Amino acid sequence: NFNPLYYSSSYDGYVVDLVFEGLATLNFEGDEYEPVVAKDWTISEDGKTITFNLREDVVFSDGTPLTANDVVFTYKVLADPSYSGRYGSVVKDLEGYEAYSAGETEEFVGVVAEDDYTVTFNFADGKRTNFANTTMSIMPEAYYGAGFTVGDTASIEALSAEPVGSGPYKLDTYSEAQFIFLT
């Protein structure tokens, strides 16, 4: 399972980490975040709002540019009422989560694309875990969202063996429990 929102084994996680990227990641020492897809970010004084400015040169392995809409799409899937993966806690502190995950609204105010390369996360409270919750691997909406409808994440989960990410590697071939070739 090479889907960043659904994988569960550490072996699959190794592949996910090479194929996908998030906005930021911890440095080698594990004591400071450094940008990956983001150029930089600002955090409001109360810790409730984090705005990321994205790099404009990042593309997915299918050639599609990575934009703020892809970030919003990824987090909307995590907040979707039908999401059954293990990362649902990442979105629970975002504003509007309850209404969106209950299917009461199609707008998720917790993550907003300000323009193509600016995305803002709005949290209900200023918690120390907020920044870590903005670093999920980003999935291309053009690929994973093609058959997606709110309330039915099955089409996204079905693409778990054919990942498209923005990381330095692309899945070439694999044989389950045997080998994986990346390019």
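Residues numbered from 1 in each chain as written. Predicted model: local features only at pLDDT ≥ 70, side-chain atom pairs only at ≥ 80, totals over all residues. Heavy atoms only, no water.

1. Regarding a negative patch on the surface
Operational definition: Patch definition: residues with relative accessible area over 30% and no salt bridge; like charges joined within 9 Å; nonpolar side chains (Val, Leu, Ile, Met, Phe, Trp, Tyr) joined within 5 Å. The protein chains shown are the only cover counted for residues, whose accessible areas, like all others here, come from Shrake-Rupley with a 1.4 Å probe. Salt bridge, as used here, is a side-chain nitrogen of Lys or Arg placed within 4 Å of a carboxyl oxygen of Asp or Glu. A positive count includes Lys and Arg, and a negative count includes Asp and Glu. His and the chain ends are not counted in either. Taken as the charge centre is NZ of Lys, CZ of Arg, CG of Asp or CD of Glu, depending on the residue. A helix here means a DSSP run of H or I that spans at least four residues, while a strand means a run of E at least two residues long, and both kinds are numbered starting from the N terminus. Per-residue accessibility, obtained with a 1.4 Å probe over protein chains only, is compared with the maximum for each type, and a residue is labelled buried under 20%, exposed over 50%, and partly exposed between these values.
Residues Glu 29, Asp 31, Glu 32 and Glu 34 make up a contiguous surface patch of negative charge. As for its position among the elements, Asp 31 is in the loop between β1 (24–26) and β2 (33–35). By relative accessible area, which is 59% here, Asp 31 ends up exposed.

2. So, the environment of Glu 95
Basically, it comes down to this: Any pair of residues with heavy atoms lying within 4.5 Å of one another is described as a contacting pair.
Within the secondary structure, Glu 95 sits in the loop between α2 (68–79) and α3 (97–101). Using a relative accessible area of 36% as the deciding quantity, one classes Glu 95 as partly exposed. Distance in space between the C-alpha atoms of Glu 95 and Tyr 75 is 12 Å, their sequence separation being 20 residues. The contacts of Glu 95, once residues within four sequence positions are left out, are Phe 108, Val 109, Gly 110, Asn 122, Phe 123 and Ala 124.

3. Quick look at the sheet that holds strand β3 (residues 38–43)
Keep this limit in mind: A pair of strands is treated as paired once DSSP finds two or more bridges between them. Whenever a helix is involved, its axis is fitted only over the stretch in contact; in every case the axis is a line through C-alpha atoms, and angles between N-to-C directions fall within 0 to 180 degrees.
Spatial ordering of the open sheet is given by β3-β4-β6-β5, a layout of four strands whose pairing is antiparallel. At either end of the open sheet lies a strand with only one pairing partner, and these are β3 and β5 (111–115). When strand polarity is set aside, the average angle formed by the axes of neighbouring strands in this sheet is 20°. Note that β3 and strand β4 (residues 49–54) share five bridges and pair antiparallel. Looking at the pairing, Trp 41 lines up with Phe 52 of β4. Sheet strands touched by α2: β4, β5 and β6 (118–122). Its angle to β5, the strand with the most contacts, is close to 170°.

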